[in-house]
Amino acid sequence: MGALTLTLGVLLFACDPSIPEEDGLSLGSVLQASQGGSLDGGLGSSVATGTTCGKSNDFNPSCSPNPDGGSPPSPDGGSLDVVYSWTAPKSDRYTFTTEGSELDTVLALRSANSPTQELACNDDIPPSEDNYANHSMLEVDLVRGQRVLVVVDSYAMSCGNYSLGISAKCGGCDTPPSSCHQPAGTCQNGTCVYALRPAGSACNDGNACTTGDTCNSSGVCAGTAGGCGTTELGSSVGTAVAQGNTCGRANGVNSTCGSSNASDQSYTWTAPFAGTFTFTTAGSTYDTVLQLHDLTTGASLACNDDVSGTAQSLVSVALSAGQRIRITVDGFGTSCGNFTLNIQGSTTTKRGLTWVQDPSDSCGQTRVTCNECDPYQGDTSCTESRPLLCIKKDGSSNCGPPSDFYDGWTAGTVALTPFLVRGTELTSLAAANTICANTFGTGYRMAEFHDGGGGWGWRAKGTISPLSTPSSTHPRSGTSNRPNRFWVHINDQPANCWN
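Everything quoted here is computed from the prediction, not taken from an experiment. (Residues numbered from 1 in each chain as written. Predicted model: local features only at pLDDT ≥ 70, side-chain atom pairs only at ≥ 80, totals over all residues. Heavy atoms only, no water.)

Some details on the pairing of strand β19 (residues 275-280)
Quick note on the threshold: Any two strands with at least two DSSP bridges between them are considered paired. A helix here means a DSSP run of H or I that spans at least four residues, while a strand means a run of E at least two residues long, and both kinds are numbered starting from the N terminus.
When β19 meets strand β22 (residues 314-319), the two strands line up antiparallel, connected through six bridges. Paired with T280 across the strands is L314, a residue of β22. As paired strands, β19 and strand β24 (residues 338-346) are joined by five bridges and run antiparallel to one another. Residue pairing in the sheet places F277 in a bridge with G345 of β24.

With respect to the sheet that holds strand β17 (residues 238-245)
Operational definition: Lines fitted to the C-alpha atoms define the axes, with helices restricted to the stretch that makes contact. Angles between their N-to-C directions range from 0 to 180 degrees.
Strand order in the open sheet formed by four strands is β17-β24-β19-β22, with antiparallel pairing between adjacent strands. Each of the sheet's edge strands pairs with one partner strand only, and the pair in question is β17 and β22. The mean inter-strand angle of the sheet, taken between neighbouring strand axes irrespective of direction, is 20°. Judged from the five bridges that link them, β17 and β24 form a sheet pairing that is antiparallel. The partner of G244 across the bridge, within β24, is F339.

Here we look at the sheet that holds strand β21 (residues 300-304)
Pairing between sheet strands relies on hydrogen bonds along the backbone, with the strands arranged either parallel or antiparallel. Read across the open sheet, the five strands follow the order β16-β18-β23-β20-β21; overall the sheet is mixed. In the strand order of this sheet, the two ends are held by β16 (230-232) and β21, each with one partner. Strand-to-strand, the axes of this sheet are offset by a mean angle of 20°, without reference to chain direction.

Overview of the confidence of the model for the protein chain
Inclusion rule: Scored from 0 to 100, pLDDT records how confident the predictor is in each individual residue. Two residues qualify as a contact provided that any one of their heavy atoms is within 4.5 Å of a heavy atom in the partner residue.
When pLDDT is averaged across the protein chain, the result is 81; 82% of the residues are at 70 or more. Across the protein chain, strand β32 (residues 445-446) holds the top mean pLDDT of 98, while strand β2 (residues 13-14) sits lowest at 30. Note on residues 1-34: pLDDT is under 50 here. Beyond four places in sequence and across chains, it has 56 contacts. Considering only residues more than four positions removed or in separate chains, one finds that residues 66-77, a stretch of pLDDT under 50, has 24 contacts.

Some remarks on unusual backbone geometry
The phi torsion at D40 lies on the positive side, around 55°, for a residue other than glycine. Of note, D40 is situated in the loop between β3 (35-38) and β4 (44-51). With a phi close to 70°, W456 is a non-glycine residue in the positive phi region. Position of W456 among the secondary structure elements: in the loop between β32 and β33 (457-461).

Concerning the packing of aromatic side chains
Rules: The rule is short: rings of Phe, Tyr and Trp, with Trp giving its six-membered ring, pair when the centres are within 6.5 Å, and they are stacked under 30 degrees, edge-to-face over 60, tilted in between. Only protein chains enter the calculation, and the probe is 1.4 Å; a residue is then buried if its accessible area is under 20% of its type maximum, exposed if over 50%, and partly exposed in between.
If you walk through the whole model with that rule in mind, you get 11 aromatic pairs. For the pair Y267 and F339, a centre-to-centre distance of 6.4 Å together with 65° between the ring planes defines the contact as edge-to-face. Of this pair, Y267 sits in strand β18 (residues 265-270) while F339 is found in strand β24, placing the two residues 72 residues apart along the sequence. When its relative accessible area of 6% is taken as the criterion, Y267 is described as buried. With relative accessibility at 3%, the residue F339 sits in the buried group. Between F440 and Y444, the aromatic rings sit 5.6 Å apart at their centres with planes inclined by 50°, giving tilted as the arrangement. With respect to burial, F440 and Y444 carry one shared label: buried.

Things to note about the state of the cysteines
Applicable threshold: The criterion for a disulfide is a pair of cysteine sulfur atoms lying within 2.5 Å.
Counting across every chain of the model gives 12 disulfides. Across the disulfide, C170 is cross-linked to C187 (sulfur-sulfur distance 2.1 Å). Residues C170 and C187 are joined by a disulfide whose S-S torsion is about 80°; by sign, that bridge is right-handed. Here C170, found in the loop between β11 (161-168) and β12 (186-188), pairs with C187, found in strand β12; they are 17 residues apart in sequence, far enough to count as distant. Put simply, C363 and C399 are joined by a disulfide, and their sulfur atoms are 1.7 Å apart. Classification of the bridge connecting C363 and C399 rests on its S-S torsion, roughly -100°, and on that basis the disulfide is left-handed. Here C399 lies in the loop between β29 (389-392) and β30 (408-416) and C363 lies in the loop between β25 (351-358) and β26 (366-369), a separation of 36 residues in the sequence. Among the residues examined, C363 registers a relative accessible area of 32% and is labelled partly exposed. Since its relative accessible area comes to 41%, C399 is described here as partly exposed.

Overview of the pattern of salt bridges
Test applied: Any Lys or Arg side-chain nitrogen located within 4 Å of an Asp or Glu carboxyl oxygen qualifies as a salt bridge.
Under the definition given, this model contains 12 salt bridges. Across the pair R459 and D361 runs a salt bridge, and its minimum N-O distance is 2.8 Å. Of this pair, R459 sits in strand β33 while D361 sits in the loop between β25 and β26, placing them 98 residues apart in sequence. Of the two residues examined, R459 and D361, each falls in the buried class. Between R367 and D407 there is a salt bridge, with the nearest N and O atoms lying 3.1 Å from each other. Highlighted residues: R367 in strand β26 and D407 in the loop between β29 and β30, separated in sequence by 40 residues.

Thoughts on the pairing of strand β8 (residues 118-122)
Sheet topology places strand β7 (residues 105-111) next to β8; four bridges connect them, and they run antiparallel. Note on β8: the bridge partner recorded for R110 is E118. Linking β7 back to β8 in an antiparallel pair, the connection comprises six residues.

Things to note about the environment of L119
Secondary-structure assignment places L119 in strand β8. Along the chain, L119 and E139 lie 20 residues apart, while their C-alpha atoms are 10.0 Å from each other.

Notes on a nonpolar patch on the surface
Put simply, the test is: In this analysis, a patch consists of residues with relative accessible area above 30% that form no salt bridge, clustered at 9 Å for like charges and at 5 Å for the nonpolar side chains Val, Leu, Ile, Met, Phe, Trp and Tyr. What sets the accessible areas is the Shrake-Rupley method with a 1.4 Å probe; for residues, cover comes only from the shown protein chains.
The grouping of Y376, F405, Y406 and W456 at the surface amounts to a nonpolar patch, some 470 Å² of accessible area in total. Within the secondary structure, Y376 sits in the loop between β26 and β27 (380-381). Note on Y376: relative accessible area 45%, which makes it partly exposed.

Points about the side chain of T95
Selection criterion: For this analysis, a polar contact is any N or O atom pair within 3.5 Å, provided that within protein one partner can donate a hydrogen and the other can accept it, and provided that sequence-adjacent residues contribute only side-chain to side-chain pairs.
Its place among the elements puts T95 in strand β6 (residues 92-97). Accessibility expressed as a relative area gives 8% for T95, which makes it buried. At 3.3 Å, the side chain of T95 and the side chain of E139 are in polar contact. With residues near it in sequence (within four places) discarded, T95 still touches M137, L138, E139, G165, I166, S167 and K169.

In structure tokens, the structure reads:
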């Protein structure tokens with residue numbers, strides 16, 4: 001098999017599928033060689049069309065019955081193909097088909113992280129001696145963010161027009177039935193099936209009056225009854241949202257602040273919007289303790305005994321729209337009495353840091369910059385969805401202008417997620433790094449403000465294509481942010497969605 005020499009500085013690619021993985025091209029080079037490009041996570045009966053005539057022979061699918069014979073001959077001695085990059089938008093079983101093609105196709109799927117690894121291959125469907133169809137079809141299970149190469153090849157050495165369709169069997173398997181099931185399921189016979197989490201895993205049974213909730217071996221979440229009584233408050237805000245008397249009630253919740261063995265009253269409440277909410281017991285007639293728990297995770301959000309030298313309590317927390325919490329009005333020691341619960345909220349929105357792509361340098365290397373970003377308080381609401389900029393520090397050498405403070409060299413390779421990530425999903429740097437590693441492979445993490453040295457802007461190997469995203473109002477200047485911004489993080493300021 002011959003070799004394909006690419007322009008624009010692309011490396012030499014060996015087409016023999018038996019070569020070791022480390023001898024193959026990086027993903028970016030493969031895509032430049034493929035002449036197909038990226039399909040992101042597109043679905044439909046015809047997500048790509050074209051012709052293999054005039055293309056190159058980049059891969060030899062294993063299921064091709066006669067890869068080296070036939071007519072007419074191709075310039076490099078094999079059948080011509082087109083290769084696309086595609087990223088699974090959700091965990092599901094996906095069908096890839098060339099139905100409607102004029103060409104007698106061969107269809108193969110390869111791992112984008114290891115292009116020499118073939119995941120599936122098909123020549124003709126259905127496999128019947130007296131009823132062969134010239135189109136190809138294959139089905140594979142993929143998880144959200146998994147990136148693959150779709151190879152549209154041909155039988156023997158023919159070439160012609162093709163059509164590529166991609167569909168999901170189940171419509172997405174990322175919504176487990178309970179917190180005792182794994183978050184990513186598999187599609188089986190058109191139905192999402194989720195594996196159970198290990199027995200003993202922490203969960204939430206939805207009962208605000210239980211503690212220590214865990215999963216059993218049957219996938220049922222249950223906890224120990226705490227004896228509290230709960231009342232649903234909906235999303236009410238204002239003065240005296242709830243009033244009552246805790247005397248004679250059970251000690252259902254043991255508060256994490258203030259020594260408390262007192263009877264208590266709990267409420268469930270839903271945040272009506274994303275913002276900061278303040279809960280107080282001002283107006284109560286005894287020494288109160290106030291505690292908040294997240295109903296989904298069971299985690300303690302805040303606790304207070306006395307505020308400003310009084311016997312009353314106050315807590316403030318930032319909540320997302322629709323977040324469900326448990327509010328417990330407790331007492332210090334064994335104190336009980338008449339209480340008043342007040343709730344006030346403001347629409348202060350958490351913001352994260354975003355950058356933009358600037359023109360490449362003289363060597364064609366990617367350049368990204370702050371461009372009116374706010375590295376101190378964030379510039380984009382965490383309720384918005386943006387791509388995530390990822391980087392792998394692999395020791396790449398700089399072939400462009402010398403590095404400086406505002407245009408540093410990262411000695412790395414960047415990539416941009418082909419799907420949008422809502423800022424509220426970035427609950428920690430570890431969570432963001434996991435998205436990068438799952439999408440692009442080991443060693444990739446979320447890009448950081450100072451990756452080039454001084455910050456504000458830097459360069460790296462690799463190519464990025466920012467997804468179309470809406471502009472938003474800049475919180476400092478009041479002007480519109482540039483669209484096509486993407487998430488980055490900063491390591492010494494609170495300008496991240498998880499701060």
